[in-house]
Amino acid sequence: MLHKFIFPAYIRLTKNRYSTRQSSERGQLVLAATLVCGAIGIDTDLTLNYQIFSLLVILLLSAQITVRIHQPAISIERILPKHVSANQKFSYDIVINNLGSRVEADLRIIDEPIVIAPSFQEFESSREPFEETRNAYDRFVGFHRFLWLQSIKTGIRVNSAQADAIPIKGKRRVRVEAEPLRRGLARLGTTTILHPDLLGMNYGVQRFVNPEQLLILPKSYRINESFELPSGSNSNSGGASASWSTGASDEFVSLRDYRDNDSAKKIHWPSSLKRQKPVVREFQDEYFPRQSLVLDVHTESATLLEEAVSVATSLLRHMNKKNTSADLIYCAKNPITVSCHSGATSHNSGHHEQLKALATLTSSVQPFSLLAEFVKTKTQELTGCVLVCCKWTEAHQQLQQFTESRGVPTTAFIIVLPENPQQPDSHKQVESEPLNSSRCHYLSSDNVAEALLSL
């Protein structure tokens, strides 16, 4: 009951609201001295401190007047990176253009993200990390938990920065440090410029509304370089043709006479002139291994969801290093495939689209059976399959059994909570045992990084 009463006050209290003026350290010192002199100089017959008090008051009033009079003529431009990774600090630039006729100095930049407050249900159901170490009052009131949730929902923490002097009609790049706190989209709203008065006691505030979004990719872990992706013995049974991805194969076989519907690009002109008839080059099709990463996000645990997405991101980066064609398959409302084909340009573009999809992925309410049936229709195109899930059920085993029977080796990564580990040698709480335990890796959510590095 108390939480429901004070929760709206938490939201109002933590909104980003800067006053029209902010005092510098010098201004705070003068203000403190003014209060002291005013307190001990009330009786003007006993002390002359009232004279110092009057002087300090005049200084404070002058500072407030000058900060209102002078408004710097400036414009700003934020230069964000294309994307960043969660939990990895980064920096970006804010360009300040001085449009006025005087040098602007001592400007302070505060880039403000759009604050997103948690809902009351999220506040009640969540727990701050290490909340049990706080005192009983803090645990009961929950204000620290609210601040933690609000920072995670906002998604990014941005530090203030100081600009060097900007010459007349010149510009200055200011480097701003920031830290993404989660994957997904973070929104930056207002850039605030604090400019000092002539006495350096107060800061005036100038706000520039320039909303932008920043894509935060999921965090990833290092994977043992010796880890081999599952692949069938006969790559021709699946995979992607080189001619399909690059336009032509490089494996020349022989020359033959021209046939109807042959491409003019394949004509070998020197041989055609020699034989006095069209002759084309014949090539042998080559196949690249084609993997499928199936991500099952049907879970109610936010911890398991985040770790499953991170594991999938790590595996996709590993596939990208191997220059392997890969399909990311997951289920939102319906099964979705995001492909990454071989070839320099298409490979990088496809890999980025996969990471973008993972960055905005949320838990699915659809049963795993819907995703499994979709994967079964893709087995003829694959040479290997990687399955990432948060639990192992009979439906998962049936999918592994089906793909294995079609000659598509399948490796499973099962993310489990540390307080309830489901080890391969102990299946008390596992609904079904993997078909091939050597290709089934149980990863506890508290040591995923170590487990992937030791594969």
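What counts, and where the lines are drawn
- Residues numbered from 1 in each chain as written.
- Predicted model: local features only at pLDDT ≥ 70, side-chain atom pairs only at ≥ 80, totals over all residues.
- Heavy atoms only, no water.
- Phe/Tyr/Trp six-rings, centres within 6.5 Å; stacked < 30°, edge-to-face > 60°.
- pLDDT = per-residue confidence, 0-100.
- Helix = DSSP H or I, 4+ residues; strand = E, 2+ residues; numbered from the N terminus.
- Contact = heavy atoms within 4.5 Å.
- Pairing = 2+ DSSP bridges.
- Axes fitted to C-alpha atoms, helices over the stretch in contact; angles between N-to-C directions.
- Salt bridge = Lys/Arg side-chain N within 4 Å of Asp/Glu carboxyl O.
- Buried < 20%, exposed > 50% of the residue type's maximum accessible area, 1.4 Å probe, protein only.

Which parts of the structure should I look at to understand the packing of aromatic side chains?
Two aromatic rings, taken as a pair, are described by how far apart their centres are and by the angle between their planes. Enumeration according to the criterion identifies 9 aromatic pairs in this entry. Taken together, the aromatic side chains of Phe-7, Tyr-10, Phe-120, Phe-123, Phe-143 and Phe-146 make up a single cluster linked through ring pairs.

Could you clarify how one ought to interpret the confidence of the model for the chain in this entry?
Detailed reading of the predicted model is not advised wherever pLDDT is low. Mean pLDDT over the chain: 82, with 85% of residues reaching 70 or higher. The secondary structure element of the chain with the lowest average pLDDT is helix α7 (residues 242–246), at 35, and the one with the highest is strand β4 (residues 90–98), at 95. Note that pLDDT drops below 50 for residues 234–249; the model gives that stretch 38 contacts with residues more than four away or on any other chain. Here residues 421–431 is a poorly scored stretch, pLDDT under 50, and it has 15 contacts once near neighbours within four places are set aside; other chains count.

Explain the sheet that holds strand β18 (residues 384–389) to me, please; I cannot follow it from the model alone.
Strand pairing in a sheet is mediated by backbone hydrogen bonds. Such pairs are either parallel or antiparallel. Spatially, 6 strands are ordered β17-β16-β15-β18-β19-β20 in an open sheet, and the strand pairing comes out mixed. Strands with a single pairing partner mark the edges of an open sheet, and in this sheet they are β17 (335–340) and β20 (440–444). Adjacent strand axes in the sheet meet at a mean angle of 15°, parallel and antiparallel pairs treated alike. In the sheet, strand β16 (residues 325–331) pairs with β17 via 6 bridges, with the strands oriented antiparallel. In the sheet register, Asp-327 faces β17, and the bridge partner there is Ser-339.

Is there a simple way to explain the pattern of salt bridges in this structure?
Between side chains of opposite charge, pairing is possible as soon as their charged atoms come close. Tallied over the full model, the rule gives 14 salt bridges. A salt bridge links Arg-157 to Glu-179, with the shortest nitrogen-to-oxygen separation between them at 3.1 Å. With a gap of 22 residues between them, Arg-157 in strand β6 (residues 156–158) and Glu-179 in strand β8 (residues 171–180) connect regions that are remote in the sequence. For Asp-327, the salt bridge is made with Arg-290, and the minimal N-O distance between the two is 3.2 Å. Linking Asp-327 in strand β16 with Arg-290 in strand β15 (residues 290–295), this pair joins segments that are 37 residues apart in sequence. Looking at Asp-327, the relative accessible area reads 4%, which means it is buried.

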